[in-house]
Amino acid sequence: MMDLETAQENLTHLLSATHIDRIYYIDDKFGIEDRFPELLIAIQEKVSAGDFEALPEAIADAGRARVDITSAVREWWEKVSPEEQAESIRIHTVIDENTQSANIVQKIFNGKCQCCSPEDWGQQYKKLYCQDVESGKIVLLLFDKELKAERNGLQYAVDALTIPNAKQCTYCGIISQEFTTEDEFSQRNIYKTTQDCYIYPLSKHRLTSDEDDYEQFIDGVKNILWVKHIESLNKITTDLLRNAFESALNQYNSIHPATYKRIVIDSSQKEGCREIDTILRLIQIILDKNVKDQILNCPHLCSLNDDAENIAAINSIYTNQFPSINEQLVQFRDDESYIEGRILNGVYTPLQNGDIFKVNSKFYILLCQPCNLSIRSDGQRGNNYDTGFFIPLDIKTGPKNHVVASIFEKIKELVPDETQAEIKAYEKDIQDVINAEKLFNVKLPCLLDGQIYTARLNKFVIVNLSLLDYTSFSKTGEIICGVECPPELHKTLKLRKQKVDEVFNDWNNIQIKLDQLCDDCKQKLRNCRNLLGPNCIHSLKVKTNKTKNCITIPIARVGHLRDPYANDMLIQFSHYLSRTGFPNSFI
């Protein structure tokens, strides 16, 4: 909620922050002569109804004498000043939505805005505008789009911005009821494809939604101002990146074949990694250097910094964003910290620290040292390492800690009466509880299924990596044993699949033979559960689904937590495992 006084103060700040010297608002509602027929009809209706109270005396006398009211109104109109004409129009005519919005704009700008009709603009104020931009003054232009003139407001705006130096010195907005507040940015995109100048579409709904709340309009003015600088930033950086990409591709294509073989083929073969990963690593090195070279030689770096400072100054006035763009913001945050399963599994990515799995209906994150997870060129991990850690993820807030609850209840009692020193005596207790809570629980920086999940480090489960490797052999990320090797699978992963197939066949054969034994023998073997299958199958409480051709286990890889978040969680888990135990202190 923003009242008129606050809106006027905020507007003054915005104009000052962007160094705007002059404001013009063009709307046919400011054409006094054009509104005479509207006034005449309104007066005729009042005379017919016998309502003479608010009419000018000359017109009221003519009405009572039943003389020609049209001539009387015209005669009075030609005698009074433009200010009196405007006041009569305000008093006697019906204020429709367009008139209301024009009046609100006039009221908010509080004398800082030159309001005029299209005719007055063409005859008088356009010349003043030309002088303003030629001298380098910053101008805010506002046009109502739905004009009664031969041209609409958009055409007037485009014409005004063809004046030399106008594009650099002008912020321009089109006020229209043809689109909603939520559609402003999409409408701006349409303008960008049809016009080569900056014009921001401002929805008239911002002026009519609530007569006593001016926040939406001030937010719209902010958009007119900062979107221009956003687009300027976008253009500078787009040109910079385009040049950097072109230079990087030229450098990549100029790599000598012998050098290319050693980097991409020989290095990948020795390490056992995929050639496409090595190529991407190489391109990142080349691109990073070329982007920095372009920044170093950018002639518009000062302009870029100025745009950033202008945006910051404009946004220092807080308003609720209309429309909200939180969904897009959340998506970018998720993309920075999370890779979707369809991408991860679609390119047959080997297991990584931070992979997220769905087991039955529960989520887990895999934590393991990256060097231990890496599959070498022979299809095996170093030292035949085969153990990882599954950390359960859930959306529970956890039970209320009774220690924290009791401490804060005590603090509530002490605050009114006792000193800060006495309250401070509880500080260590609170800190110990908070540290313990933080040590055991790590909140994910991304959303899973649209919800916030927390990793419970102290509830970890040991898992078998050979079994999880099957998720790398499937485009769906599922564990399916007994199917053919996908032809597009990398050579290292093909070797890995052969080895894990052998291991899983051993587990499966033991289970088949177990079913053929007597009950007593079965029980003895069940006591050695690790021989009957991967130990994680029991701890995760999953059941294998056997068909004639394959075996399916309800474990699927659904995504990956990117570094540095995954690496940070691994470090915190390592700290949790290696924490020091102390004896209880003496009472």
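Going by the structure above, here's the rest.
Residues numbered from 1 in each chain as written. Predicted model: local features only at pLDDT ≥ 70, side-chain atom pairs only at ≥ 80, totals over all residues. Heavy atoms only, no water.

## With respect to the packing of aromatic side chains
- What the rule picks out here adds up to 17 aromatic pairs.
- Between the aromatic rings of Trp 121 and Tyr 129, the centroid separation amounts to 5.7 Å while the plane-to-plane angle is 45°, which identifies the pairing as tilted. You'll find Trp 121 and Tyr 129 in the same group, each marked buried.
- Ring centres of Phe 143 and Tyr 156 lie 6.4 Å apart, and the angle between their planes is 20°; on these two criteria the pair is classed as stacked. (Phe/Tyr/Trp six-rings, centres within 6.5 Å; stacked < 30°, edge-to-face > 60°. Buried < 20%, exposed > 50% of the residue type's maximum accessible area, 1.4 Å probe, protein only.)

## A closer look at the packing of helix α12 (residues 215–253) against helix α15 (residues 301–314)
- For the pair α12 and α15, interaxial distance at closest approach is 9 Å and the crossing angle is 155°. Classified by the interaxial angle, the pair formed by α12 and α15 is roughly antiparallel. Crossing hand, α12 versus α15: left-handed. Seen from α12, the contacting residues are Lys 222, Leu 225, Trp 226, His 229, Ile 230, Ser 232, Leu 233, Ile 236 and Thr 237; seen from α15, they are Ser 303, Leu 304, Asp 307, Ala 308, Asn 310, Ile 311 and Ile 314.
- Residues of the contact of α12 with α15, tallied by class, amount to 9 nonpolar, 5 polar and 2 charged. (Axes fitted to C-alpha atoms, helices over the stretch in contact; angles between N-to-C directions. Helix = DSSP H or I, 4+ residues; strand = E, 2+ residues; numbered from the N terminus. Parallel < 35°, antiparallel > 145°, perpendicular 65-115°, else oblique. Left-handed = near helix turned anticlockwise from the far one by under 90°. Contact = heavy atoms within 4.5 Å. Nonpolar A, V, L, I, M, F, W, Y, C, P; charged D, E, K, R; others polar.)

## Brief notes about the sheet that holds strand β5 (residues 200–203)
- Read from one edge of the open sheet, 5 strands run β2-β1-β3-β4-β5, paired in parallel fashion. On the outer flanks of this sheet lie β2 (114–116) and β5, each paired with one strand and no other. For this sheet, the mean inter-axis angle between neighbouring strands, taken without regard to orientation, is 20°.
- Sheet topology note: the strand β1 (residues 20–26)/strand β3 (residues 138–144) ladder contains 6 bridges and is parallel. From the neighbouring strand, Ile 20 faces β3, where its bridge partner is Ile 138.
- Helix α8 (residues 153–160) rests against β3 and β4 (170–176) of the sheet, and its axis sits at about 155° to β3. (Pairing = 2+ DSSP bridges.)

## Section: the pattern of salt bridges
- Within the structure shown, the criterion is met by 24 salt bridges.
- Residue Arg 456 is joined to Asp 394 by a salt bridge in which the shortest nitrogen-to-oxygen separation is 2.8 Å. One end of the pair, Arg 456, is in strand β11 (residues 451–456); the other, Asp 394, is in strand β9 (residues 387–394), and 62 residues separate them in sequence. When sorted by exposure, Arg 456 lands in the same class as Asp 394, which is buried.
- A single salt-bridge network, built from bridges that share partners, covers Arg 381, Asp 386, Asp 469 and Arg 496. (Salt bridge = Lys/Arg side-chain N within 4 Å of Asp/Glu carboxyl O.)

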